[in-house]
Amino acid sequence: MTVPITASMLYDLVSCPHRVTMDVFGDASEHDEPNAFVELLWEKGSLYEKEVMEGLEIPFTDLSKYQGLEKTQSTLEAMRRGDVLIYSGRMEADGLLGDPDLLRKEGGGYVAGDIKSGAGLEGSDDLSRPKKHYAVQLGLYTDILERKGLSAGRRGFIWDINGDEVIYDFTSPEDGRSSRTLWQVYEDTLAHAQEIVTRRTETLPAYSGVCKLCHWYTACVSRLTDSNDLTLIPELGRSKRDAMIPRVRTIRELASSDPGEFIAGNKTVFPGIGPATLKKLHARATLIAAGEKGVPYLKEPMSLPSEDLELFFDIEVDPMRDICYLHGFVERRGGDSNSEKFVPFFAEEPSAEAEKMAFARAWRYMRDSQPCVIYYYSKYERTIYRKLQVKYPDICTVAELEELFAPAHAVDLYFDVVLKLTEWPTRDYSIKTLANYLGFMWRDSHPSGAASIEWFHKWVGTGDPEVRQRILDYNEDDCRATRVLRDALDDLRVKPERLG
Ligand code: SF4
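A. Representation of the overall build of the chain within the structure. Across its full length, the chain carries 17 helices and 20 strands. Projected onto its principal axes, the C-alpha coordinates of the chain cover approximately 75 × 60 × 45 Å. Considering the chain as a whole, with its 500 residues, one finds that 35% of them fall into the buried category. Nonlocal contacts in the chain, meaning residues at least 24 apart in sequence, comprise 64% of its contacts between residues at least 6 apart.

Have a look at this one:
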């Protein structure tokens, strides 16, 4: 019997089609231990849903006590009766199975909705785009309602973490640049899922950021390593790999190829990959394929600002509480490692007042440390500081903040140095990967930003000083890792890229 297509299957497919294959056909004994952070996300999601429903001031039909077939039948009966709002229903039709949090009567039919402990929309500058992984879930519910003759129209809704209702209109384009409607996005995703569960298409793992939180991580990375998969090259993801695979299957094959053979004029034979990108990926493949002989290098000379005092800076943020709970600095004077000191500013409770106080103290520390050079890794610190400035404008002005992060004395080692100027024989350029490559070891056995959030959650619940110290130690090690990387950059030799 074919496995039914569920909303969570479509949600996962948006990030990784292979996840669907593994969940349906994978060997359960290869499953990693549940990830504590992922479990925390589930727990927070369920708690938020409960909180929303308990606070609802309108009557609703609660089907949460039912399971399986009984739930499906109760949902159908509730809709046939014309109940105005149905909580925790279940519907199925033609091999589709959906568990919408909400079904709401509108006119002569129903629209489906979900309660989410995240923002209802996304977008780096303004939250204005529908989330594809929410859209495909609402699409599945809407499709089932249509097939049952119970739909009020092609739309769904999200009740989000901010208490807003966000409407997903399936006749709208998926984003400002595309003419594809949200309904087409749903239909394409559904068709892909159906091909996977009926084995009409095979999927391959692809190494990406989402893998680190996935329960198939160990199994997939082992397979990717054995097959010398192209996605183990930094910035070569699933779509580029799939474009290249008919002609180049492995890192070794790419390394031993002549990229010029794939280039004609200002194009390559690989859709979506330009000549400059192909040459960059070829250089990375060559470096990785060289094994122990492959050493990192600079593509052009590097010049970093110089001051007696250097601050290596890293923050920790809990996105579920929308709180920046730690600003950590390792300060060093005169390049002398004996002078190193860790200076943390911790929000002692998960409140706006505590967040503001930690931000104010960190801000004062950075301002009083001038002149100095501030090193951080990725745009995240600057982005969060801009958010904090908007939230607490009495701490600093926009102009003061921009001056603090001016490139003359603040360096984003990831975007401005590692990505632009260097190559490494590693599978990604995260600070963990590069610092580990350079021999640096975190004191914690499971260090990660996600784990830190989970510890913060635990600390808020227990007040356990050992948990607090674990958070501080992890952040201190992140700052030291940034320092290790900064120092290693001075030792890299320059190897100009061949452009011809
Ligand atoms: S580990 Fe990565 S490739 Fe494998 S199923 Fe999970 S997300 Fe997909």
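Past the structure itself, the notes keep going.
B. Examining the sheet that holds strand β17 (residues 336-346) more closely. What the 5 strands build is an open sheet, ordered β17-β16-β15-β18-β19; its pairing is mixed. Only two strands of the sheet have a single partner each, and these edge strands are β17 and β19 (410-412). Pairs of neighbouring strands in the sheet enclose a mean axial angle of 20°, with direction left out of account. Looking at chain direction, strand β15 (residues 309-318) and strand β16 (residues 323-333) are connected through 10 bridges and run antiparallel. Within the sheet, the bridge partner assigned to D314 lies in β16 and is G328. Here helix α12 (residues 380-391) sits on the sheet in contact with β15, β16 and β18 (373-376), set at roughly 70° to β15.

C. Broad picture of the domain arrangement of the chain. Under the domain assignment used here, the chain contains domain 1 (5-197), domain 2 (228-294) and domain 3 (309-491). If you average the C-alpha positions of domain 1 and of domain 2, the two centres end up 38 Å apart.

D. Region of interest: unusual backbone geometry. A cis geometry characterises the amide bond from Q370 onward to P371, with omega recorded as -5°. Structurally, P371 is set in the loop between α11 (352-368) and β18. With a phi angle near 95°, S378 is a residue other than glycine that sits in the positive phi range. According to the C-beta neighbour criterion, S378 is partly exposed, with 17 such atoms within 10 Å.

E. Quick look at the site of the ligand. Every residue lining the ligand is accounted for by C16, H18, R19, M22, P205, A206, V210, C211, C214, W216, Y217 and C220. Mapped by element, the contributors of at least two residues to the shell around the ligand are α2 (17-25) and α7 (217-226). Per element, the largest residue contribution to the shell around the ligand is 3 residues, and it comes from α2. Here the residues of the shell around the ligand sort into 10 nonpolar, 1 polar and 1 charged.

F. Region of the structure containing the environment of G335. Of note, G335 is situated in the loop between β16 and β17. Through-space distance from the C-alpha of G335 to that of L309 is 8.0 Å; in sequence the pair is 26 residues apart.

G. Spatial organisation of the packing of helix α3 (residues 36-54) against helix α16 (residues 449-462). Relative to each other, α3 and α16 sit at 55°, their axes nearing to 8 Å. Considering their axes alone, α3 and α16 lie oblique with respect to each other. Here the hand of the crossing between α3 and α16 comes out left-handed. The segment α3 lies against α16, with A36, F37 and L40 engaging A450, A451, I453, E454 and H457. Class assignment of the residues belonging to the contact of α3 with α16 gives a composition of 6 nonpolar, 1 polar and 1 charged.

H. Quick look at the packing of α2 against helix α6 (residues 182-197). Two elements in contact, α2 and α6, have axes separated by 10 Å at closest approach and are oriented at 40°. As α2 runs across α6, the sense of the crossing is right-handed. Note on element contacts: α6 touches α2 through H192, A193, I196 and V197, opposite P17, V20, T21 and V24. In terms of residue class, the contact of α2 with α6 is made up of 6 nonpolar, 2 polar and no charged.

Procedures and definitions
- Along each chain, numbering runs from 1 in the same order as the chain's sequence is written.
- Since the coordinates come from a predicted model, pLDDT governs what is reported: local features require at least 70, and pairs of side-chain atoms require 80 or more to be given and counted, while whole-chain, interface and lining totals use all residues.
- Starting at the N terminus, helices and strands are each numbered in turn, a helix being any DSSP run of H or I of at least four residues and a strand any DSSP run of E of at least two.
- Between the buried cut of 20 or more and the exposed cut of 12 or fewer other C-beta atoms within 10 Å of a residue's own C-beta lies the partly exposed class, and all C-beta atoms are placed from the backbone.
- Two residues form a contact once the distance between their C-beta atoms, set from the backbone, is within 7 Å.
- Strands are treated as partners if at least two bridges between them are detected by DSSP.
- Every angle, taken between N-to-C directions, lies between 0 and 180 degrees, and every axis is a line fitted to C-alpha atoms, over only the stretch in contact when it is a helix.
- The domain limits used here are those given by an automatic or database domain assignment.
- Proximity of a residue to a molecule or strand is defined by its backbone-placed C-beta atom lying within 6 Å of that partner.
- Classes in brief: Ala, Val, Leu, Ile, Met, Phe, Trp, Tyr, Cys and Pro nonpolar; Asp, Glu, Lys and Arg charged; the others, Gly included, polar.
- Put simply, angles under 35 degrees are roughly parallel, angles over 145 are roughly antiparallel, angles from 65 to 115 are roughly perpendicular, and the rest are oblique.
- The crossing is said to be left-handed when, going from far helix to near helix, the turn is anticlockwise and less than a right angle, and right-handed when the turn is clockwise.

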